[in-house]
Amino acid sequence: MNAVRDIAAEADTEADTKADAEPGTHAEFDTDVIVVGAGPTGLLLGAELALGGVRVQILERRTAAQRDSRALTLHPRSVELMDQRGLAERFLALGRPVPEWHFAGLDTRLDFSGLDTRHGYTLFLAQARTERLLAERARELGVPVRRGYEVIGLRQNADGDGEHAGRRGGEAGEGGVEVEVRGPDGAVETVRARYVVGCDGGRSVVRRAAGIDFPGTDETLSGALGDFATVDPVALDRARAHGVLAVPLDPGAEDDHGEDDPAEGLERPEGTKETEGADGRPGGLTRIVLLDPERIRTPSAEPMTLDEFRASLRRICGTDCGVAKPRWLSRFGNATRLAARYRAGRVLLAGDAAHIHFPAAGQGLNTGLQDAMNLGWKLAAEINGWAPPGLLDSYHAERHPVGQAVTENTEVQTLLAELTLLPAYQRPAAALRALLTDLLGIEEVNRRLAGLVSALDTAYPPAVADADPLVGRRMPDLALTVAGSAAIRVYELLPRGRFVLLDLAGDEEMRRSVQSGWGKRVTPHTVTAHDSRADLDGVCEILVRPDGHIAWATRTTDVRARRIERFRALAGWAGLPAGG
């Protein structure tokens with residue numbers, strides 16, 4: 001029996017959104033969606049697809065789950081996404097909130113605490129723990145994560161995207177993708193799916209097989225990092241004064257270490273080695289990150305040693321900070337690339353497969369999670385047959401500009417750091433950094449960059465020119481009261497991954513009409529009280545997307561005209577009504 005194809009049967013879920021699925025569309029496929037890569041992006045995407053009633057399986061070439069710390073931060077918007085699915089407490093129980101963050105390591109910090117969110121902090125949490133929590137979520141929704149299965153090629157037919165048929169050529173069956181997979185025993189199998197999503201990192205096999213260009217710049221600079229069980233805390237203060245990043249990892253993080261490179265947004269370059277040490281001290285590990293002027297041109301593929309790390313510390317700050325017992329050492333580079341398109345027919349990209357960059361301000365993992373949240377419900381709608389025209393294409397339209405903004409701001413931060421290391425530019429670079437540090441002391445400037453890095457200011461362009469100013473923005477987590485319920489929060493209405501329609505003006509026919517036409521896709525609520533906000537003054541109804549962004553809002557007071565607007569908005573976002 002085909003072991004890989006047997007996986008598909010385990011991916012079925014009981015989600016009632018299946019009632020909206022197209023009849024007879026599953027039989028010819030082994031699964032609806034193959035997600036390639038079981039990192040944070042792939043795991044969250046798999047869970048979101050299952051929440052939408054889609055059969056999904058996740059294939060991961062590594063045989064064991066991630067155990068090293070890698071990325072350390074969940075920024076405010078990512079924590080909000082977990083909150084929207086009822087998962088925030090799981091993450092908060094293991095992480096450490098930090099209300100301030102940085103931009104290019106400038107002395108004036110970004111103030112997340114003053115942002116318009118209940119989660120005004122970055123959450124320090126080792127990536128291994130983030131992945132374990134997301135894997136737990138995927139298991140709860142019945143998503144199989146198959147380790148030791150490596151994707152080696154794919155092909156799709158002309159219905160999918162005939163111009164980019166995959167590196168092995170040929171055609172798949174009508175409307176599908178054939179994925180060639182090498183299993184743990186070395187045998188090659190073929191799995192057929194309706195769609196494939198590459199969440200398989202910067203060197204994505206899926207992206208290359210789909211013929212998607214990955215333009216950008218090659219590595220010109222590298223940094224070094226290590227997690228140490230032994231350090232001299234007094235010396236670390238001196239190191240920080242010389243621009244070295246030194247942060248404590250939470251106790252127990254030493255148990256999270258294993259096999260992969262920690263440089264967020266980048267795959268481990270060929271030749272990178274991990275250095276194992278003795279057991280960590282009871283208080284946990286210390287992450288140290290540095291840019292050594294004498295070593296910044298060293299290729300990130302060259303292995304890092306403890307002796308070299310100590311030598312770099314001594315050159316930078318006059319002490320090796322007593323570092324010992326490294327749990328792992330590595331380099332990371334500043335290669336920056338952005339996929340030319342996030343979709344090629346029935347193949348899509350998310351996370352590092354779509355964008356890589358220097359890990360400045362810890363944005364890579366967070367951007368990937370937000371890709372997954374944007375894509376999951378749209379792809380589920382397409383598979384279930386109710387997606388309005390253009391909905392799936394809006395994934396690229398909305399997320400590609402975000403990827404562009406992230407790659408650009410990380411390049412700016414990297415340049416600011418690099419100039420201070422080059423003798424010819426050190427004086428003007430120091431003056432520039434001092435100027436920018438002062439500018440960050442201006443509340444509005446600080447707020448602007450904090451909103452950018454935290455992703456709380458991410459807003460998607462409205463489809464129509466006369467849309468309400470709220471459209472495209474993230475929905476604030478208002479305290480509100482809905483008819484027949486105690487006071488709750490908006491985000492507590494979103495765990496099922498459906499649209500939520502909030503009636504703030506009181507239309508007695510709203511609930512009946514929405515439930516009869518879109519009951520499996522849209523949950524209507526009559527709001528009897530809510531937090532007062534200037535931007536909500538005069539708003540009568542708000543349609544919140546499954547990813548927490550605002551699809552439609554109206555201030556039309558005439559009930560009949562508002563009902564016409566509502567129908568158009570629902571049809572435009574949630575498809576035609578059942579039987580319509």
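Residue positions are counted from 1 within each chain, in the order its sequence is given. This being a predicted model, a pLDDT of at least 70 is required before a residue's local features are given, and a value of 80 or more before pairs of side-chain atoms are given or counted; all residues contribute to the totals for chains, interfaces and linings. Only hydrogens and water are set aside when side-chain values are computed; all heavy atoms of the structure are taken into account.

Peer 1: Could you clarify how one ought to interpret the sheet that holds strand β13 (residues 222-230) in this entry?
Peer 2: The strands making up a sheet associate through backbone hydrogen bonding, with each pair oriented either parallel or antiparallel. Pairing between two strands is assigned when DSSP locates at least 2 bridges connecting them. A run of H or I in DSSP counts as a helix once it spans at least four residues, and a run of E counts as a strand once it spans at least two, with each numbered from the N terminus. The strand order across the open sheet formed by 4 strands is β14-β15-β13-β16, and the pairing between neighbours is antiparallel. Edge positions in the open sheet fall to β14 (245-248) and β16 (324-333), since each of these has one partner strand only. Averaged over all neighbouring strand pairs, the angle between strand axes comes to 15°, with direction disregarded. Strand direction decides the pairing type here: β13 and β16, joined by 8 bridges, are antiparallel. Within the sheet, the bridge partner assigned to Gly223 lies in β16 and is Phe332. Any two residues whose heavy atoms approach within 4.5 Å at even a single point are treated as in contact. Whenever a helix is involved, its axis is fitted only over the stretch in contact; in every case the axis is a line through C-alpha atoms, and angles between N-to-C directions fall within 0 to 180 degrees. Against the sheet, helix α9 (residues 306-317) touches β13, β15 (286-290) and β16, its axis set at about 65° to β15.

Peer 1: Teacher, can you tell me more about the pattern of salt bridges here?
Peer 2: Oppositely charged side chains may form a pair once their charged atoms are brought near each other. Throughout this description, the term salt bridge denotes a Lys or Arg side-chain nitrogen within 4 Å of a carboxyl oxygen of Asp or Glu. Within this structure, the stated rule accounts for 42 salt bridges. In this structure, the salt-bridge partner of Arg85 is Glu48, at a minimum N-O distance of 2.9 Å. Of the two residues, Arg85 is situated in the loop between α3 (76-84) and α4 (88-92) and Glu48 in helix α2 (residues 40-51); the sequence distance between them amounts to 37 residues. Here Glu541 and Arg566 are joined by a salt bridge, their closest N and O atoms 2.6 Å apart. Pair noted here: Glu541 is in strand β25 (residues 541-544) and Arg566 is in helix α15 (residues 559-574), with a separation of 25 residues, a long-range link.

Peer 1: Got a minute to help me understand the pairing of strand β24 (residues 522-530) in this structure?
Peer 2: Looking down a regular strand, the side chains alternate between one sheet face and the other. Relative to β24, strand β21 (residues 479-482) runs antiparallel, the two being bridged by 3 bridges. Bridging from a neighbouring strand, Val482 pairs with Val527 of β24. In the sheet, strand β23 (residues 499-503) pairs with β24 via 5 bridges, with the strands oriented parallel. Pairing of Val500 across the sheet is with Thr523, part of β24. Once the chain exits β23 it traverses helix α14 (residues 510-518) before rejoining the sheet at β24, and the crossover so formed is right-handed. The definition of a right-handed crossover adopted here requires that, viewed with the strands pointing away, the path from the first strand over the helix to the second runs clockwise.

Peer 1: I would appreciate a short explanation of empty space enclosed by the protein in the present structure.
Peer 2: Over the atoms, a rolling probe the size of a water molecule traces out where space has been left empty. Points on a 1 Å grid, built from protein atoms alone, make a cavity when a 1.4 Å probe fits but cannot get out and make a pocket when they are open with protein on both sides within 12 Å along at least 5 of 7 lines; residues with an atom within 4 Å of a point are the lining residues. Grid points are joined across faces, edges and corners, and a volume is the space filled by probe spheres set on the points. Across all of its chains, the model carries 4 cavities of 30 Å³ or more by this definition. Of the volumes computed, that of the second largest cavity is approximately 80 Å³. If you go around the second largest cavity, the residues you meet are Arg77, Leu81, Gln370, Met373, Asn374, Arg399, Ala455, Thr458, Tyr460, Asp547 and His549. At 3 residues, helix α10 (residues 364-384) tops the list of elements feeding residues into the lining of the second largest cavity.

Peer 1: What should I look at first to understand the layout of surface pockets in this one?
Peer 2: Size it by volume and the largest pocket reaches roughly 1,400 Å³. Forming the boundary of the largest pocket are 46 residues, of which His102, Ala104, Gly105, Gly243 and Leu245 lie nearest the centre. The set of elements that each furnish at least two residues to the lining of the largest pocket consists of β5 (100-101), α8 (233-241), β14, β15, α11 (394-419) and α12 (426-439). Looking at the lining of the largest pocket, the element that brings in the most residues is α12, giving 4 residues.

Peer 1: Any chance you could explain the side chain of Asn409 here in plain terms?
Peer 2: Its place among the elements puts Asn409 in helix α11. Those residues in contact with Asn409 that lie beyond four places of it in its chain are Phe103, Gln363 and Leu452.

Note that all results are geometric; they support no functional claim without further evidence.
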